[in-house]
Amino acid sequence: YPLRWQRQMCIRDRSGRPVMMRDSRDERRFEITPRLRSHDIVCGISVLIPGSRGPWGMMSLFSTQACRLSLDDAHFLESVAYIIAGAMQRSHVIKVSREREKLLNIAGRMARLGGWLVDLAENRVLWSDEVCAIHEVPVGTSPTLDEGIEFYAPEWRDRIKTVIDACIRDGTPYAEELQIVTARGRRVWVLANGEAVRDAQGHTHQLIGAIRDITHK
């Protein structure tokens with residue numbers, strides 16, 4: 001029976017199956033470790049906590065009293081292990097997502113490039129941290145579309161309105177070099193890109209794009 005100890009307190013079957021120890025006093029498959037003996041362990045079950053790239057670890061249930069362990073007990077512990085595995089996977093995905101977001105933010109700061117989204121139904125604009133930095137407004141600022149356009153220098157507002165209207169109406173993407181006036185009154189040259197997001201009926205419901213500070217290009 002291919003068993004081995006895992007960190008002194010868990011028993012692992014190399015095939016990944018649950019391992020049941022019904023009575024340590026009669027166990028002949030492996031030697032009971034000093035740690036288990038010190039806790040007066042008599043019986044127990046060990047199962048893997050599965051992961052997409054290998055086990056997250058192991059979970060064991062031990063008792064200091066003799067008990068009649070069954071496959072139902074092992075299957076119940078496996079069910080708990082799968083619940084834990086799901087929670088750990090979600091936590092891992094969130095962690096990786098945050099790390100990637102952090103890298104994107106670093107890249108955006110270095111390139112002075114940020115992304116934005118306009119929800120036309122709600123007249124709501126989402127600015128990334130770097131777009132806020134370019135406009136010199138607090139992170140989390142969420143202007144209306146008209147308020148966002150007001151940041152463009154007066155001589156450039158008609159142009160940005162024209163390309164945005166065409167993008168909404170016809171789905172025409174745009175890439176324009178224009179000037180904005182930041183919240184602190186500085187004039188900044190930017191490259192503004194935008195494109196339409198359309199629903200199944202072909203109606204534009206969102207605009208997405210990027211803006212880059214090209215003042216010192």
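Since the structure is predicted, the reported quantities are computational estimates derived from the model, not experimental observations.

*Asks:* Which parts of the structure should I look at to understand the overall build of the chain?
*Replies:* Looking only at helices and strands, the chain has 5 helices and 10 strands in total. For the chain, the proportion of its 217 residues judged to be buried stands at 33%. For the chain, contacts bridging at least 24 residues in sequence account for 46% of all contacts bridging at least 6. With the model as given, the accessible surface of the chain reaches about 13700 Å², and the carbon-plus-sulfur share is 52%.

*Asks:* When you look at the sheet that holds strand E3 (residues 19–21) in this model, what are you seeing that I'm missing?
*Replies:* The strands that make up a sheet are held in pairs by hydrogen bonds between backbone atoms, and each pair lies either parallel or antiparallel. Reading across from one edge, E3-E4-E5 is the order of the 3 strands in this open sheet, with antiparallel pairing throughout. Taken across any chain shown, the strands that pair with only one partner, and hence form the sheet edges, are E3 and strand E5 (57–63). The sheet shows a mean angle of 15° between the axes of neighbouring strands, taken without regard to direction. As defined by bridge partners, E3 adjoins strand E4 (residues 43–49) across 3 bridges and the pair is classed as antiparallel.

*Asks:* Could you clarify how one ought to interpret the side chain of Asp213 in this entry?
*Replies:* Relative to the helices and strands, Asp213 is located in strand E10 (residues 204–213). Only 2.8 Å separates the side chain of Asp213 from the side chain of Thr215, close enough to count as a polar contact. Ignoring sequence-local partners within four residues, the contact set of Asp213 consists of Arg112, Ile134, Val188, Trp189 and Val190.

*Asks:* Even after reading the chapter, I still don't get the nonpolar core, so can you show me in this structure?
*Replies:* Looking at soluble globular proteins, one finds that nonpolar side chains tend to be buried together. Trp127, Tyr152, Ile160 and Tyr174 are the most contacted members of the largest nonpolar core, which has 24 residues in total. At the level of secondary structure, the elements contributing two or more residues to this core comprise strand E6 (113–119), strand E7 (124–127), helix H3 (129–135), helix H4 (145–150), helix H5 (154–170), strand E8 (174–181), strand E9 (187–198) and E10. For this core, the element with the highest residue contribution is H5, accounting for 4 residues. Apart from the residues within four sequence positions on either side, Tyr152 is in contact with Arg157, Ile160, Leu178, Gln179, Ile180, Val190, Ala192 and Ile211. Among the nonpolar cores identified, the runner-up in size contains 11 residues, and Cys43, Val47, Leu69 and Leu77 belong to it.

*Asks:* Any chance you could explain the pairing of E7 here in plain terms?
*Replies:* Each regular strand carries side chains that alternate between the two faces of the sheet. Here E7 shows a clear split, with Val125 and Trp127 buried on one side and none of Arg124 and Leu126 buried on the other. Bridge count between E6 and E7: 4 bridges; the pairing is antiparallel. Its bridge partner being in E7, Asp119 is matched across the sheet by Arg124.

Basis of the calculations
Residues numbered from 1 in each chain as written. Predicted model: local features only at pLDDT ≥ 70, side-chain atom pairs only at ≥ 80, totals over all residues. Heavy atoms only, no water. Helix = DSSP H or I, 4+ residues; strand = E, 2+ residues; numbered from the N terminus. Buried < 20%, exposed > 50% of the residue type's maximum accessible area, 1.4 Å probe, protein only. Contact = heavy atoms within 4.5 Å. Areas by Shrake-Rupley, 256 points an atom, 1.4 Å probe, with all protein chains shown as cover. Pairing = 2+ DSSP bridges. Axes fitted to C-alpha atoms, helices over the stretch in contact; angles between N-to-C directions. Polar contact = N/O pair within 3.5 Å; in protein donor to acceptor, adjacent residues only side chain to side chain. Core = buried A, V, L, I, M, F, W, Y, C linked by side-chain atoms within 4.5 Å.

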